[in-house]
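Per-entry structural report
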Amino acid sequence: MSTSRKPQGGTTRRGFLSAAGGAALAAGAIRPAVSAGPENLPPNVPGWSRYLGSGVDAYPYGQPSSFESHVVRRNVAWLTASVESSVNFTPLHELDGIITPNGLCFERHHAGIAEVDPSDYRLMINGLVDKPMIFTLDDIKRFPRTNKIFFLECAANSGMEWRGAQLNGCQFTHGMVHCVMYTGVPLKLILEEAGLKTNAKWLMVEGADAAGMNRSVPLDKALDDCMVAFKMNGEALRPEQGYPLRLVVPGWEGNMWIKWLRRIEVGDQPWHTREETSKYTDLLENGKSRRFTWAMDCKSVITSPSPQAPLLHKGHNILSGIAWSGRGTVDRVDVTLDGGRNWRPARIDGPSFDKAVHRFYFEFDWQGESLLLQSRAIDSTGYVQPTKDELRAVRGTNSIYHNNGIQTWHVRGNGEVENVEVS
Ligand code: CO
């Protein structure tokens, strides 16, 4: 075993807490001031039991506890050349279960957040159809609806890790994934309304953002499980997730899930747009590129312990993480504490949905020894999540996309955790 490369970027948990302190005080102005201290501990009556709390008019739209104000999306300064064409990351280390809260779903924009007035919203369908159509949002909402839970992962998630351990926190190494329940309409029903010509084979889906973000989608996928969604986790899509309507392309890379969806053109061949030629293709060692690498391969990560969530107690501890596959369910997750010498099955807990995040747990005893934590997911097709070295042997190190290699966290004797690689 050798650990390599000192991780760069990210922030320590201690940094988060001190950075959040000022914000917590400001946001908590409505709450009566209750100072932390032994006077709040049993058998005393704590401060928060001595006063009336805030009323039902305090938060018309509910907010997390001010004590949770450090749980936010964060970006990485050196990855953020311009905020309108950039990314932030889901705080995976602070979450549990399988659903990502709407306000914590990572963002990736090519030209900032389009602000679309729903009364002026239209979805146009043209090309190889019997009757070109323009739908209002109300038109879309009169189609039969469906509710589905899916993960969405950016093709570049973990992309900074191709050449070695870089970012110190699963928020930054793996935080370009989220999982929510979508309410919407099967795309098949909308395409059938327009009527597909017999030579229809591909769709060009286009967003209403200033980038006109677009991709080619094969018709088979569109008719299989794609949706147009107007709600996430029961409420309207957030603006940064494509309000009022986005495309849902289950299991496939996030850039195809066109936000602010404004047009679908039906054709007989792919369009070879910028986003599937110069971008979102995977440059190999020999200079050739893989293209149309749509499905997100089976992947997992331990979210706690992790660099932002160090071990705080000796003795009994809970390890937790998430796993997902763009090709089905996750059937099994194995965990190792010693860098891959011994693997033990983790316990998957909670619902197991096709192309959705799965939650796993592993209980272990820790007495201050150094640990090398890894998780390895196996999906319903039998595919086993590879090591980073296995991936590099096939794909080289030029690419930034589709890195689903096994992540290693090094736990030190003092409980601190760092991003490393074992070889
Ligand atoms: Co791809």
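Residues numbered from 1 in each chain as written. Predicted model: local features only at pLDDT ≥ 70, side-chain atom pairs only at ≥ 80, totals over all residues. Heavy atoms only, no water.

1. As for the domain arrangement of the protein chain
- Split into domains, the protein chain comes out as domain 1 (102-290) and domain 2 (299-420).
- Placing the centre of domain 1 and that of domain 2 at their C-alpha centroids yields a distance of 28 Å.
- Opposite the 39 residues of domain 1 that make contact, domain 2 presents 35 residues.
- The junction of domain 1 with domain 2 conceals about 3,200 Å² of combined surface from both sides, 55% of it contributed by carbon and sulfur atoms.
- For the domain 1 face of the interface with domain 2, the top three residues by lost area are F151, W162 and H174, together amounting to 25%.
- One salt bridge in this structure joins K355 and D225, with 3.6 Å as the shortest N-O distance.
- Applying the counting criterion to the domain 1 and domain 2 interface returns 21 residue pairs in polar contact (both at pLDDT 80 or more). (Domains from an automatic or database assignment. Contact = heavy atoms within 4.5 Å. Buried area = accessible area lost by both parts, 1.4 Å probe. Salt bridge = Lys/Arg side-chain N within 4 Å of Asp/Glu carboxyl O. Polar contact = N/O pair within 3.5 Å; in protein donor to acceptor, adjacent residues only side chain to side chain.)

2. Details of the sheet that holds strand 17 (residues 347-349)
- The 4 strands are arranged 13-14-18-17 in an open sheet whose pairing can be described as antiparallel. Each edge of the open sheet carries a strand with a single partner, namely strand 13 (299-304) and strand 17. Adjacent strand axes in the sheet meet at a mean angle of 35° when their direction is disregarded.
- As defined by bridge partners, strand 14 (residues 315-324) adjoins strand 18 (residues 358-366) across 9 bridges and the pair is classed as antiparallel. Residue pairing across strands places H316 opposite D365, the latter belonging to strand 18. (Pairing = 2+ DSSP bridges. Helix = DSSP H or I, 4+ residues; strand = E, 2+ residues; numbered from the N terminus. Axes fitted to C-alpha atoms, helices over the stretch in contact; angles between N-to-C directions.)

3. Looking at the sheet that holds strand 1 (residues 123-127)
- The mixed open sheet is built from 5 strands, whose spatial order is 2-1-10-5-6. Two strands close off the open sheet at either side, each with one partner strand: strand 2 (133-135) and strand 6 (214-218). Mean inter-strand twist for the sheet, computed between neighbouring axes without regard to direction, equals 20°.

4. With respect to the coordination of the cobalt ion
- Here the cobalt ion is held by E253 (OE), T293 (O), T293 (OG1) and H402 (NE2), and the distances to it run 2.0 to 2.2 Å.
- In this structure, the cobalt ion is surrounded by 4 donor atoms whose angles at the metal cover 78 to 155°, and the resulting shape is irregular.
- Summarised as a motif, the one-chain spacing of the donors to the cobalt ion is E-x39-T-x108-H. Of this pair, E253 sits in the loop between strand 9 (246-248) and strand 10 (261-267) while T293 sits in the loop between strand 12 (289-290) and strand 13, and the two are 40 residues apart along the sequence.
- You can call E253 buried: its relative accessible area is 1%. (Donors = N, O, S within 2.8 Å, 3.2 Å for Na, K, Ca; no water. Tetrahedral: all angles 85-135°; square planar, octahedral: opposite > 155°, others 65-115°. Buried < 20%, exposed > 50% of the residue type's maximum accessible area, 1.4 Å probe, protein only.)

5. Points about the confidence of the model for the protein chain
- Of the residues in the protein chain, 92% reach a pLDDT of 70 or more, and the chain-wide mean stands at 92.
- Looking at the elements of the protein chain, mean pLDDT is at its lowest for helix 1 (residues 13-27), recorded as 35, and at its highest for strand 9, recorded as 99.
- For the stretch residues 1-32, pLDDT sits under 50, and the model shows 56 contacts to residues farther than four places along the chain or on other chains. (pLDDT = per-residue confidence, 0-100.)

6. Description of empty space enclosed by the protein
- Under the counting rule described, the total for this entry stands at 3 cavities of 30 Å³ or more.
- Taken as a whole, the largest cavity holds about 210 Å³ of empty space.
- Classifying every residue of the lining of the largest cavity by side-chain character gives 8 nonpolar, 6 polar and 5 charged.
- Around the second largest cavity sit 14 residues that line it, and L92, L95, T100, I322 and R359 are the ones nearest its centre.
- For the lining of the second largest cavity, the element with the highest residue contribution is strand 4 (residues 177-186), accounting for 3 residues. (1 Å grid on protein atoms, 1.4 Å probe; cavity = no way out; pocket = protein on both sides within 12 Å on 5 of 7 lines; lining within 4 Å. Points joined across faces, edges and corners; volume = space filled by probe spheres on them. Nonpolar A, V, L, I, M, F, W, Y, C, P; charged D, E, K, R; others polar.)

7. A look at the side chain of E418
- Within the secondary structure layout, E418 lies in strand 21 (residues 417-420).
- Within the local environment of E418, its side chain forms a polar contact with the side chain of R412, the two groups lying 3.1 Å apart.

8. A word on the pattern of salt bridges
- Across all of its chains, the model carries 29 salt bridges by this definition.
- Residue D349 pairs with R347 through a salt bridge whose shortest N-O separation is 3.0 Å.
- With a shortest N-O distance of 2.9 Å, E421 and R392 are connected by a salt bridge. Note that E421 is positioned in the segment after strand 21 and R392 in helix 6 (residues 388-395), a separation of 29 residues in sequence. The same class applies to E421 as to R392, namely buried.
- One salt-bridge network, held together by shared partners, links E161, K388, D389, R392 and E421.

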